[in-house]
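Fold and geometry: a report
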Amino acid sequence: VKSFAGINMASDMTPAAPDSVQCPVCLKDFTSATINGHLDVCLLKTVTDSEPPVKKSRFSDEAAPSGVNNTVAAASSSTPSPAVFSLFQTNKTKASPQNERSGLFPSKLPAVTAANKGIKRTLLSETGTEATKGQTCGSNGPTVETVAHDLSSRALLATNKPLAETLRPNTVEEYFGQSKVVGQQTLFRSLLDSQEIPSLILWGPPGCGKTTLAHIIATTSKKKGTARFVTLSATSTSTNEVREVIKQAQNELRLCKRKTILFIDEIHRFNKSQQDTFLPHVECGTITLIGATTENPSFQVNAALLSRCRVLVLEKLSVEAMSSILDRAVATLGIRVLERDPANIKDQDQSDGHEPKIFIEQKALDTIAYLCDGDARAGLNGLQLAVQAQLARPSPQGQGGCRNILVKEEHVKEGLQRSHILYDKAGEEHYNCISALHKSMRGSDENASLYWLGRMLEGGEDPLYVARRLVRFASEDVGMADPSALPQAVSAFQACHFIGMPECEVILAQCAVYLARAPKSVEIYKAYTNVKACLRNHKGPLPPVPLHLRNAPTRLMKQLGYAKGYKYNPAFSGPVEQDYLPEELKGMDFFTWTPSDP
């Protein structure tokens, strides 16, 4: 609810006291400190009334379109025009859906019929959707029970929203799988209960509950009226839109003393300069920023912004957490689980009005919990797809009317036909898996090496990238202990380049096992690391190349002493005593030398 403090409404309204503000809905006067709380109650009361409030027509009585109810037009003449609300819209080019339904254009008002007059509208806060008021067979009229029943079966087939969005939790008690973050004794839970939410970066894999946690914060803030919640997506929001929201937050804080919580989904999509827009406003407390990202914030979020936010790491949902989420879904939708319901599906009545009864096997729910790989969104939408497919199937011949629906394990597997391996070739999981492969081969664990290799290839990794890493490993970790390891790795790279996937997967597996079984030596790697440390820590100019080691292709260079005194080794039958390092490094052994701190 946007604030109307300090705004002169219309010239024909009765002037209020200097320290009072007039409510634009009920036209009563309130103080600046109480106007926001009253607006929440007043607007909610207006929405839940049996009949919507009468609006003032934008057309004059003479120019009113035909078909407009004269009684409505006459009654609306004494109320202020709802066009005043458009002054406070964030985006003035988009009309609010609520305003469109409330009657800005009287010619589009639906006629009030005897069938729906007097029926109280039902607010389904659990799902956020409006159920269609329809009569089932054998009923005299729509009731609250029939509307809820419609939600459990018809909405699965007809709703435009995914099930994961429809059943998004509104309270922490319905939020499963992140007890380390929002448990009873956690710091975040205490801050949420006290409405002292700091700026946060929610980091976790897809479907772990980042957006849902922000939704819970928004619901709690709206109920208590302590903060204004704004949601934006970095994939479709421009910098100008962000500045407009920040400007509104400044006005809200100055006029109404109310904070603004700004939720940015996929915040890693903003570049560094766009993220810098938030810095001064997060610093001074104008906005409380909550960003959600699937990428590592250390790499994708500006360091200055990261230092002003607290990072909450959300883990992939466990199988137990997914089972709880699915149990809540089937209970809300009225789907019966066969193993839990003592009644047999064959013993159930074959018709319940026009609404079929839906059953699901416990094994099917367990399959979803395991195959969704900790992604609640994928699990719930997979359940929805399986039920939709069964509802859309035609009834068998000889069965008329309603029929019972049974969702089996094979139906669920058919709806989840996808690779359930979480792997992002450009994200953190890419580096995690290649690190695990490298360390498994270093530890001579051939089984673990094959597993991590398969995890990468089956997840869609480029085989040439893996082959290049194997070439590096052959020199870094095997080295001189088995000099033939490097030719093996190079041959594997060339073979992968020749034939590609999937034929080259066995070539990479052979090379990975060879390197895992090979003896290990890191002396070459350590010696060259010491050389780099020696060069970095050297104070002053680097020592010149000794004259006897320099090339002398011209007469001038020979006259300057280039190559003078050099002993050509093949010309001697035995070892030759000769210095090859600069004078300052004479006697240096990089294989045993330990660099000192600079």
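As shown above, the structure is provided for reference.
These lines cover the structure that appears in this document, whether it is placed above or below. All figures in this text were calculated on a predicted structure; none of them were measured in a lab.

Describing the overall build of the chain
A tally of regular secondary structure across the chain gives 24 helices and ten strands. As displayed, the chain offers around 34400 Å² of accessible surface, 53% of which is attributable to carbon and sulfur atoms.

Things to note about the packing of helix 18 (residues 428-442) against helix 19 (residues 446-458)
Relative orientation and spacing of two packed helices are given, respectively, by the angle between their axes and the distance between those axes. One way to put it is that helix 18 packs onto helix 19 with a least axis distance of 8 Å and a crossing angle of 160 degrees. In terms of axis orientation, helix 18 runs roughly antiparallel to helix 19. Helix 19 is crossed by helix 18, and the crossing has left-handed handedness. Between helix 18, through Glu-429, His-430, Cys-433, Ile-434, Ala-436, Leu-437, Ser-440 and Met-441, and helix 19, the contact on the second element is made entirely by Ala-448, Ser-449, Trp-452, Leu-453, Arg-455 and Met-456. When the residues that make up the contact of helix 18 with helix 19 are grouped by side-chain class, the tally is nine nonpolar, three polar and two charged.

Some thoughts on the packing of aromatic side chains
According to the stated counting rule, one finds four aromatic pairs in the structure shown. With a centroid separation of 4.9 Å and 75 degrees between ring planes, the pair formed by Tyr-451 and Trp-452 is classed as edge-to-face. The partly exposed category is assigned to Tyr-451, whose relative accessible area is 48%. With 6.2 Å between their ring centres and 90 degrees between their planes, Phe-590 and Trp-593 make a pair best called edge-to-face. The class for Phe-590 is buried, based on a relative accessible area of 16%. A cation over an aromatic ring shows up here: Arg-550 above the ring of Tyr-562, its NZ or CZ 5.0 Å from the ring centre.

Remarks on the pattern of salt bridges
Applying the stated criterion to the full structure yields 13 salt bridges. Two residues, Glu-283 and Arg-308, come together in a salt bridge whose shortest N-O distance is 2.6 Å. Of the two residues, Glu-283 sits in helix 11 (residues 279-284) while Arg-308 sits in the loop between helix 13 (303-306) and strand 7 (310-313), which places them 25 residues apart along the sequence. Using a relative accessible area of 33% as the deciding quantity, one classes Arg-308 as partly exposed. Across the salt bridge formed by Glu-446 and Arg-517, the nearest N and O atoms sit 2.8 Å from each other. Taken as a pair, Glu-446 in helix 19 and Arg-517 in helix 22 (residues 505-517) lie far apart in primary sequence, 71 residues in all. When salt bridges that share partners are traced, they join Arg-442, Arg-472, Glu-476 and Asp-477 into one network.

Let's talk about the nonpolar core
If you look at the biggest cluster of nonpolar residues, it comprises 30 residues, and the most contacted ones within it are Met-322, Leu-326, Ile-360 and Leu-383. For this core, the elements supplying multiple residues, two or more each, are helix 5 (163-166), helix 14 (319-333), strand 9 (358-360), helix 15 (362-371), helix 16 (376-392) and strand 10 (405-407). With seven residues, helix 14 is the largest single contributor of residues to this core. Setting aside residues up to four positions removed in sequence, Met-322 forms contacts with Leu-317, Ala-369, Cys-372, Gly-374, Asp-375, Ala-376 and Gly-379.

Here we look at the pairing of strand 6 (residues 287-293)
In terms of burial, strand 6 is a largely internal element, seven of the seven residues being buried. The side-chain alternation of strand 6 yields two buried faces, one formed by Ile-287, Leu-289, Gly-291 and Thr-293 and the other by Thr-288, Ile-290 and Ala-292. Two strands pair when backbone bridges link them, and strand 5 (residues 259-265) and strand 6 are joined in this way by six bridges, in the parallel orientation. From the neighbouring strand, Ile-261 faces strand 6, where its bridge partner is Thr-288.

Section: helix 16
If you check helix 16, its first and last C-alpha atoms are 24 Å apart, about what 17 residues at 1.5 Å a residue would give, namely 24 Å. Taken as a whole, helix 16 has its buried residues at Ala-376, Ala-378, Gly-379, Leu-380, Gly-382, Leu-383, Gln-384, Ala-386, Val-387, Gln-388, Gln-390 and Leu-391. One side-chain oxygen at the N-terminal end of helix 16 lies 3.1 Å from the backbone nitrogen of Arg-377; it belongs to Asp-375.

Section: the environment of Ile-35
Topologically, Ile-35 is positioned in helix 1 (residues 35-48). Apart from the residues lying within four places of it in its own chain, the contact partners of Ile-35 are Val-21, Cys-23 and Phe-30.

Here we look at the packing of helix 18 against helix 20 (residues 463-478)
For the pair helix 18 and helix 20, the least separation of the axes is 11 Å and the interaxial angle reads 35 degrees. By crossing handedness, the relation of helix 18 to helix 20 is classed as right-handed. On helix 20, the residues touching His-430, Ile-434, Leu-437, His-438, Met-441 and Arg-442 of helix 18 are Tyr-465, Val-466, Arg-469, Leu-470, Phe-473, Glu-476 and Asp-477. Classifying every residue of the contact of helix 18 with helix 20 by side-chain character gives seven nonpolar, two polar and four charged.

Concerning a nonpolar patch on the surface
A cluster of nonpolar side chains, contributed by Met-480, Ile-524 and Phe-591, occupies part of the molecular surface with about 310 Å² of accessible area. Relative to the helices and strands, Met-480 is located in the loop between helix 20 and helix 21 (485-499).

Looking at the sheet that holds strand 9
Strand order across the open sheet formed by three strands is 8-9-10, with parallel pairing between neighbours. Every interior strand has two partners, whereas the edge strands, strand 8 (336-337) and strand 10, have only one. Where strand 8 and strand 9 come together, two bridges link them in parallel fashion. Bridge pairing in strand 9 places Arg-336 opposite Phe-359.

Some thoughts on the sheet that holds strand 5
The sheet built from five strands is open, its strands ordered 4-5-6-3-7 with parallel pairing. At either end of the open sheet lies a strand with only one pairing partner, and these are strand 4 (227-233) and strand 7. When strand polarity is set aside, the average angle formed by the axes of neighbouring strands in this sheet is 20 degrees. Pairing analysis gives four bridges linking strand 3 (residues 200-203) to strand 6, with the strands arranged parallel. Directly across from Ile-201, in strand 6, lies its bridge partner Gly-291. Of the strands in this sheet, strand 3, strand 4, strand 5 and strand 6 are in contact with helix 8 (residues 210-224), which crosses strand 5 at around 165 degrees.

Re the environment of Ser-221
Within the fold, Ser-221 resides in helix 8. Separated by 39 residues in sequence, Ser-221 and Thr-260 have C-alpha atoms that sit 9.8 Å apart. Setting aside residues no more than four positions away along its own chain, Ser-221 makes contact with Gln-195, Thr-226, Ala-227 and Ile-261.

A word on the side chain of Asn-170
Structurally, Asn-170 is set in the loop between helix 5 and helix 6 (179-182). According to the relative accessible area criterion, Asn-170 is buried, its value standing at 15%. Among the polar contacts listed, one links the side chain of Asn-170 to the side chain of His-215, at a separation of 2.7 Å.

The rules behind each value
- Residues numbered from 1 in each chain as written.
- Predicted model: local features only at pLDDT ≥ 70, side-chain atom pairs only at ≥ 80, totals over all residues.
- Heavy atoms only, no water.
- Helix = DSSP H or I, 4+ residues; strand = E, 2+ residues; numbered from the N terminus.
- Areas by Shrake-Rupley, 256 points an atom, 1.4 Å probe, with all protein chains shown as cover.
- Axes fitted to C-alpha atoms, helices over the stretch in contact; angles between N-to-C directions.
- Parallel < 35°, antiparallel > 145°, perpendicular 65-115°, else oblique.
- Left-handed = near helix turned anticlockwise from the far one by under 90°.
- Contact = heavy atoms within 4.5 Å.
- Nonpolar A, V, L, I, M, F, W, Y, C, P; charged D, E, K, R; others polar.
- Phe/Tyr/Trp six-rings, centres within 6.5 Å; stacked < 30°, edge-to-face > 60°.
- Buried < 20%, exposed > 50% of the residue type's maximum accessible area, 1.4 Å probe, protein only.
- Lys NZ or Arg CZ within 6 Å of the ring centre and 35° of its normal.
- Salt bridge = Lys/Arg side-chain N within 4 Å of Asp/Glu carboxyl O.
- Core = buried A, V, L, I, M, F, W, Y, C linked by side-chain atoms within 4.5 Å.
- Pairing = 2+ DSSP bridges.
- Expected span 1.5 Å × (residues − 1).
- Polar contact = N/O pair within 3.5 Å; in protein donor to acceptor, adjacent residues only side chain to side chain.
- Patch = residues over 30% accessible without salt bridge, like charges linked within 9 Å, V, L, I, M, F, W, Y side chains within 5 Å.

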